[in-house]
Amino acid sequence: MSETKTERGNWNSKLGFVLAAAGSAVGLGNIWGFPTQVADNGGASFILIYVICCLIVGLPVMIAEFAIGRHTRRNPVGAFKKLGNGWFPPLIGLWGVMCGVMILSFYLVIAGWTVGYIFEEIFYYLGIVAASEWVSDLENGIKNAFFAILFMIATVGIITGGVSNGIERATKTLMPILILVLIIMIGYVFTLQGSMEGLRMYLLPDLTAINTDLVFSALGQAFFSLSLGMGALLTYGSYLKKNQNIVESATYVTIADMGIAFLAGLLIIPAMFVAQHAGITIMDEDGNLFASTTLVFDVLPNLFKSMGGFFGLIFGSSFFILLSMAALTSTISLLEVPVSYIIDEHKIARKKAAMIVGGLVLAISLIISFNIGLIDLLATIFNNVGLPLGGLMLSLFLAWFWKTENAIEEIRSGYENLDHGYFQNVWTLFIKYICPVLIALVLITTLYNLVS
Ligand code: PHE
């Protein structure tokens, strides 16, 4: 279907939608965030809690976002406005738009680092030391700003292309390449000394490491990685045709996202131990893994260098190309939320909307480029608290105002066997009680720990 300036787009194919949603989900959160959190939180026990969060909170909320989006065919603000009366419902959507803007603003800086590192690998190989040091200096504001601008231009370019021509086409080609490169690299790392030690830490949980901090991090990570709580997938759902099975699609997206995070960890945790074998420090004096925001940009480039020569160049550059591609399909969806809001609610054409919002977000990114210490703070506020809070409001709203019966009615379309299975009862139970209670508990406990 061709898109005119004001007409809302549609996904062209079922697979196209699943890949676009998976493209949104799979990003820095999987390849940079997940392994960092695993290393930070004692390995396999984090994975265990993370999987539970994805399946019992993430998946039901994702189904809810798709259903609200497809039913209303609106951006998050318009969607809640349409479903409920009064001043409060649109605020849930506005909160999402705000989280989108703020998350995108620091996401761009990190995405910029990944692009910078593609060049770092090349300059290093060519022996241009000064240039390779310049692009790998994460605190260089000018350099950060330069790559953030570059990344925003790419994002706006694709968004301007519209739903099926821009977003769908881009993700359809990028996703499969991403998985392939990841698998090849894992295969390689497993042939190196030290990798088995990493594998053990990655797969054997130490249950004593589980505490409230870990659960809070895992829940925040699940929301961030699955792109939930701010209406990104609600917006993608608003371009969805009635004959697509929402539950099936959400299941695919969740599995793909968890799978790729798992693969990324399978690469990076063993790679850290390989690096240790090569003489690089990966632990502090207490034996805790050295896992900061910059893990991926620290240990891995060193690993690539230790491979030496052309080999290092190929692995290093393809890894960072991969990471940039994954980030791009996510920045697209982050920007699509405020852009669709402006298109729908303020009747501004897509191209203009993308440029206005893109410019605004970029302005914040430039400030962060020069103060990267802000990233941790913003991530705590808008990912770890903001997204679960958005998810909490969304599930409460759906369950108690829009009503689960109406949501089920929407989900029924495209899901022929719905009435013959347990889905209705199980999902209703989760979205009405289990998800809100769990999210609220985690948020309250964390706040309590903070102030006490
Ligand atoms: N899920 C993306 C990632 O893992 C980030 C994201 C969050 C995208 C929220 C859209 C909305 O990198």
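Residues numbered from 1 in each chain as written. Predicted model: local features only at pLDDT ≥ 70, side-chain atom pairs only at ≥ 80, totals over all residues. Heavy atoms only, no water.

## Topic: the overall build of the protein
Here comes step 1: A tally of helices and strands in the protein yields 17 helices and zero strands.
Here comes step 2: Compactness check: the protein gives a C-alpha radius of gyration of 21 Å against a globular reference of 22 Å for 452 residues, within 12% of the reference.
Here comes step 3: Judged by the C-alpha coordinates and their principal axes, the protein covers about 60 × 50 × 45 Å.
Here comes step 4: The buried share of the protein, reckoned over its 452 residues, is 60%.
Here comes step 5: Excluding contacts between residues fewer than 6 apart, the proportion of contacts in the protein whose partners are at least 24 apart in sequence is 82%.
Here comes step 6: Carbon and sulfur atoms form 67% of the exposed surface of the protein, whose accessible area is close to 17,800 Å².
Here comes step 7: Within the protein, one finds 22 positive and 28 negative side-chain charges whose respective centroids are separated by 17 Å. (Helix = DSSP H or I, 4+ residues; strand = E, 2+ residues; numbered from the N terminus. Rg over C-alpha atoms; globule rule 2.2 N^0.38 Å. Buried < 20%, exposed > 50% of the residue type's maximum accessible area, 1.4 Å probe, protein only. Contact = heavy atoms within 4.5 Å. Areas by Shrake-Rupley, 256 points an atom, 1.4 Å probe, with all protein chains shown as cover. Lys, Arg positive; Asp, Glu negative; His and termini not counted. Charge placed at Lys NZ, Arg CZ, Asp CG, Glu CD.)

## Details of the packing of helix α9 (residues 195-203) against helix α12 (residues 246-277)
Here comes step 1: Contact pair α9 / α12: the axes reach a minimum separation of 7 Å and the direction vectors enclose 135 degrees. With respect to α12, the element α9 is oriented oblique. Taken as a pair, α9 and α12 cross one another with a handedness that is right-handed. Contacts between α9 and α12 pair Ser195, Glu197, Gly198, Leu199, Met201, Tyr202 and Leu203 from the former with Ala261, Phe262, Gly265, Leu266, Ile269, Pro270, Phe273, Val274 and Gln276 from the latter.
Here comes step 2: A breakdown of the residues in the contact of α9 with α12 according to their chemical character gives eleven nonpolar, four polar and one charged. (Axes fitted to C-alpha atoms, helices over the stretch in contact; angles between N-to-C directions. Parallel < 35°, antiparallel > 145°, perpendicular 65-115°, else oblique. Left-handed = near helix turned anticlockwise from the far one by under 90°. Nonpolar A, V, L, I, M, F, W, Y, C, P; charged D, E, K, R; others polar.)

## Considerations on the pattern of salt bridges
Here comes step 1: The final tally for this structure, using the stated rule, is seven salt bridges.
Here comes step 2: One salt bridge in this structure joins Arg70 and Glu410, with 2.7 Å as the shortest N-O distance. Here Arg70 is found in helix α3 (residues 44-72), whereas its partner Glu410 is found in helix α16 (residues 374-412), with 340 residues between them in sequence. The exposure classification of Arg70 matches that of Glu410, with both residues buried.
Here comes step 3: The salt bridge partner of Asp419 is Arg412, with a shortest N-O separation of 2.7 Å. (Salt bridge = Lys/Arg side-chain N within 4 Å of Asp/Glu carboxyl O.)

## Details of the environment of Ile149
Here comes step 1: Its place among the elements puts Ile149 in helix α7 (residues 141-160).
Here comes step 2: For the pair Ile149 and Leu366, spaced 217 residues apart in sequence, the C-alpha separation works out to 8.4 Å.
Here comes step 3: In contact with Ile149, not counting residues within four places along its chain, are Leu362 and Leu366.

## Comments concerning a nonpolar patch on the surface
Here comes step 1: A surface patch of nonpolar side chains, about 640 Å² in accessible area, is lined by Phe119, Ile122, Tyr125, Leu126, Ile128, Phe310 and Ile314.
Here comes step 2: A per-element tally of the nonpolar patch places helix α5 (residues 88-126) first, with four residues.
Here comes step 3: Tracing the backbone shows Ile128 in the loop between α5 and α6 (129-136).
Here comes step 4: Since its relative accessible area comes to 38%, Ile128 is described here as partly exposed. (Patch = residues over 30% accessible without salt bridge, like charges linked within 9 Å, V, L, I, M, F, W, Y side chains within 5 Å.)

## Section: the state of the cysteines
Here comes step 1: Summed over the entire model, instances satisfying the criterion amount to zero disulfides.
Here comes step 2: The thiol sulfur of Cys53 is not disulfide-bonded, and the nearest other cysteine sulfur, from Cys54, lies at 7.0 Å.
Here comes step 3: Overall, Cys53 belongs to the buried group, its relative accessible area being 8%.
Here comes step 4: Here Cys54 falls in the buried class, since its relative accessible area comes to 0%. (Disulfide = S-S within 2.5 Å.)

## Description of the side chain of Ser369
Here comes step 1: Looking at the element boundaries, Ser369 is found in helix α15 (residues 350-370).
Here comes step 2: The residues contacting Ser369, other than those within four sequence positions of it, are Val109, Gly141, Asn144, Ala145 and Ala148.

## Examining the confidence of the model for the protein
The predicted coordinates should not be examined in detail at positions where pLDDT is low.
Here comes step 1: The predicted model of the protein has a mean per-residue pLDDT of 89, with 95% of residues at 70 or higher.
Here comes step 2: Between the elements of the protein, mean pLDDT differs from a low of 76, seen in helix α8 (residues 163-190), to a high of 97, seen in α3. (pLDDT = per-residue confidence, 0-100.)

## A word on the site of the ligand
Here comes step 1: Ala25, Gly29, Tyr107, Phe224 and Ser227 are the nearest of the 15 residues found near the ligand.
Here comes step 2: The separation between a nitrogen atom of the ligand and a polar main-chain atom of Ser24 is 3.2 Å.
Here comes step 3: At 2.8 Å, a backbone N or O of Gly29 approaches an oxygen atom of the ligand.
Here comes step 4: When isolated, the ligand has an accessible area of 330 Å², and the protein chains bury 100% of it.
Here comes step 5: Those elements giving two or more residues to the shell around the ligand turn out to be α1 (14-25), α2 (28-40), α10 (212-225) and α14 (309-346).
Here comes step 6: Grouping the amino acids of the shell around the ligand by side-chain chemistry returns seven nonpolar, eight polar and no charged. (Near = heavy atom within 4 Å. Polar contact = N/O pair within 3.5 Å; in protein donor to acceptor, adjacent residues only side chain to side chain.)

## Quick look at helix α4 (residues 76-83)
Here comes step 1: Of all eight residues in α4, six are buried; the element is thus mostly enclosed.
Here comes step 2: Inspection of α4 places Pro76, Val77, Gly78, Ala79, Phe80 and Leu83 among the buried residues, and these make up the whole buried set.
Here comes step 3: Buried residues along α4 sit against α3, α5, α11 (232-237), α14 and α16.

## Comments concerning helix α17 (residues 423-451)
Here comes step 1: With 29 residues, α17 extends 40 Å from end C-alpha to end C-alpha; this agrees with the ideal 42 Å at 1.5 Å per step.
Here comes step 2: At Phe430, α17 is deflected by roughly 45 degrees, the largest bend along its length.
Here comes step 3: Listed as buried for α17 are Phe423, Trp427, Thr428, Phe430, Ile431, Lys432, Cys435, Pro436, Ile439, Val442, Leu443 and Thr446.
Here comes step 4: Buried-residue contacts for α17 involve α3, α10, α12 and α16. (Expected span 1.5 Å × (residues − 1). Bend = angle between axes of the 7 residues up to and from the residue.)

## A short note on unusual backbone geometry
Here comes step 1: The residue Ser227 is not glycine, and still its phi comes out positive at about 60 degrees.
Here comes step 2: For Ser227, a relative accessible area of 10% corresponds to the buried category.
Here comes step 3: Phi at Lys403 is positive, roughly 80 degrees, even though this residue is not glycine.

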